[in-house]
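Chain residues, written in single-letter form:
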Amino acid sequence: MSHSESHPGIHPTAIVDPQAQIDASVSIGAYSVIGPNVKIGPGTRVGPHCVIEGHTTIGADNHIFQFNSLGAIPQDKKYAGEPCELIIGNRNTIREFCTFNIGSPSAGGVTRLGDDNWIMAYVHLAHDCLVGNHTIFANNSQLAGHVEVGDWVILGGFTVVHQYVRMGAHSMTAMCSLLFADLPPFVMSQGQPAQARTMNFEGLKRRGFSAERLAAVKAMHKALYREDLTLDQANSKIAELVQKFPQADADVMMMTAFLSQTSPQRGIVR
């Protein structure tokens, strides 16, 4: 029995490998091609003319629009056919013409997209990118290999991110930003190359941050960008904010951990 016969949601023209693990509730549109090592969880919708290949695992209740390429091999000349992975979580929206590649052996072998992300058209996730939850990537956001993106990050349209760059939670880029350095949590950036502008106060208010937590974020901004401190000096000063703003303990710890992992060669967006 073919997949389309056993799964009424699969269009008769879709080509689904018999070894693919497709939940019975999944719908797959016309002319889509699903490879043998693909797993798709319940409630996920795959539009027409999609190609999903490689060792790709897709969770529940995702909406993958038409003309997507998910799970192709990395754009890496060193790749030699190793069984690396693409893992997509739950409740993601992936709009048209996105390209998500599997990972590479040198970095753990996994490209990962978390849960509840809103990914607009023409977004590229290169090999070994790690994206958290509740992010928004506007049209034509392009991530090179090994990029790490925290929760609640927003990328403006045509944002380009250099390989190995990290973006902290709640950070944001304006349209056409070029990121060559790490973008700390909460920071809004703009430019080519991107420069820090302010903190994402409006977004934090919408996410329920208290006045005390917002005040702590403002103090972090001052230490990083207004007091002419080295990165180590700013990080030490930020660590002391816990005493003044106890409600912001987790926020301060997140910032200090992020800054501690920033390499001197790459630095942060200034």
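All values derive from a computational prediction rather than experimental measurement.

This part is about the pairing of strand β8 (residues 55-58). One face of the sheet, then the other: side chains in a regular strand alternate in exactly this way. The two faces of β8 differ: Thr56 and Ile58 on one face are buried, but His55 and Thr57 on the other face are not. Sheet topology note: the strand β5 (residues 39-40)/β8 ladder contains 2 bridges and is parallel. Each residue of the ladder has a partner; that of Ile40, found in β8, is Ile58. Relative to strand β11 (residues 85-88), β8 is paired through 4 bridges, and the arrangement is parallel. Counted as the bridge partner of His55 is Glu85 from β11.

A few words on the nonpolar core. If you look at the biggest cluster of nonpolar residues, it comprises 68 residues, and the most contacted ones within it are Ile22, Ile28, Phe100, Phe137, Leu143, Leu224 and Ile238. Of all the secondary structure elements, the ones that give two or more residues to this core are β11, β27 (194-199), α3 (211-225), α4 (231-239) and α6 (249-260). Of the residues forming this core, the biggest block, 7 residues, is contributed by α3. When near neighbours in sequence (up to four residues on either side) are disregarded, Ile28 contacts Gly9, Ile10, His11, Ala14, Val16, Ile22, Ile34 and Val46.

What follows is about the pattern of salt bridges. Under the counting rule described, the total for this entry stands at 8 salt bridges. Here Lys78 and Asp76 are joined by a salt bridge, their closest N and O atoms 3.2 Å apart. Taking relative accessible area as the criterion, Lys78 reaches 67% and is therefore assigned exposed. A residue is classified by how much of its surface remains accessible, and Asp76, at 15% relative accessible area, is buried. Where Asp251 meets Arg213, a salt bridge forms, and the shortest distance between an N and an O atom there is 2.8 Å. With Asp251 in helix α6 and Arg213 in helix α3, this residue pair connects regions lying 38 residues apart in the sequence. Overall, Asp251 belongs to the buried group, its relative accessible area being 5%. Through salt bridges with shared partners, a single ionic network connects Lys222, Glu227 and Lys237.

What follows deals with the UniProt feature "domain: UDP N-acetylglucosamine O-acyltransferase C-terminal" (unreviewed entry) in the protein. When the UniProt feature table is mapped onto this chain, "domain: UDP N-acetylglucosamine O-acyltransferase C-terminal" (unreviewed entry) is found at residues 182-269. With 52% helix and 12% strand, residues 182-269 has end C-alpha atoms that lie 6 Å from one another.

So, on to the sheet that holds strand β7 (residues 51-52). A sheet is described by the order of its strands in space; here 9 strands give the open sequence β1-β4-β7-β10-β13-β16-β19-β22-β25, paired in parallel fashion. The open sheet is flanked by β1 (15-16) and β25 (178-179), the only strands paired with a single partner. Summarising the sheet, strand β16 (residues 124-125) and strand β19 (residues 142-143) pair through 2 bridges and their orientation is parallel. In the sheet register, His124 faces β19, and the bridge partner there is Gln142.

Looking now at a nonpolar patch on the surface. Where nonpolar side chains cluster on the molecular surface, the patch consists of Ile15, Val33 and Val51 and spans about 220 Å² of accessible area. If you trace the backbone, Ile15 turns up in strand β1.

This next bit is on the domain arrangement of the protein. For the protein, the assigned domains read domain 1 (9-146) and domain 2 (203-261). Here domain 1 and domain 2 have C-alpha centroids that lie 35 Å from each other.

The rules we used
Residues numbered from 1 in each chain as written. Predicted model: local features only at pLDDT ≥ 70, side-chain atom pairs only at ≥ 80, totals over all residues. Heavy atoms only, no water. Buried < 20%, exposed > 50% of the residue type's maximum accessible area, 1.4 Å probe, protein only. Helix = DSSP H or I, 4+ residues; strand = E, 2+ residues; numbered from the N terminus. Pairing = 2+ DSSP bridges. Core = buried A, V, L, I, M, F, W, Y, C linked by side-chain atoms within 4.5 Å. Contact = heavy atoms within 4.5 Å. Salt bridge = Lys/Arg side-chain N within 4 Å of Asp/Glu carboxyl O. UniProt positions renumbered as here; feature names shortened; annotations may be inferred. Patch = residues over 30% accessible without salt bridge, like charges linked within 9 Å, V, L, I, M, F, W, Y side chains within 5 Å. Areas by Shrake-Rupley, 256 points an atom, 1.4 Å probe, with all protein chains shown as cover. Domains from an automatic or database assignment.

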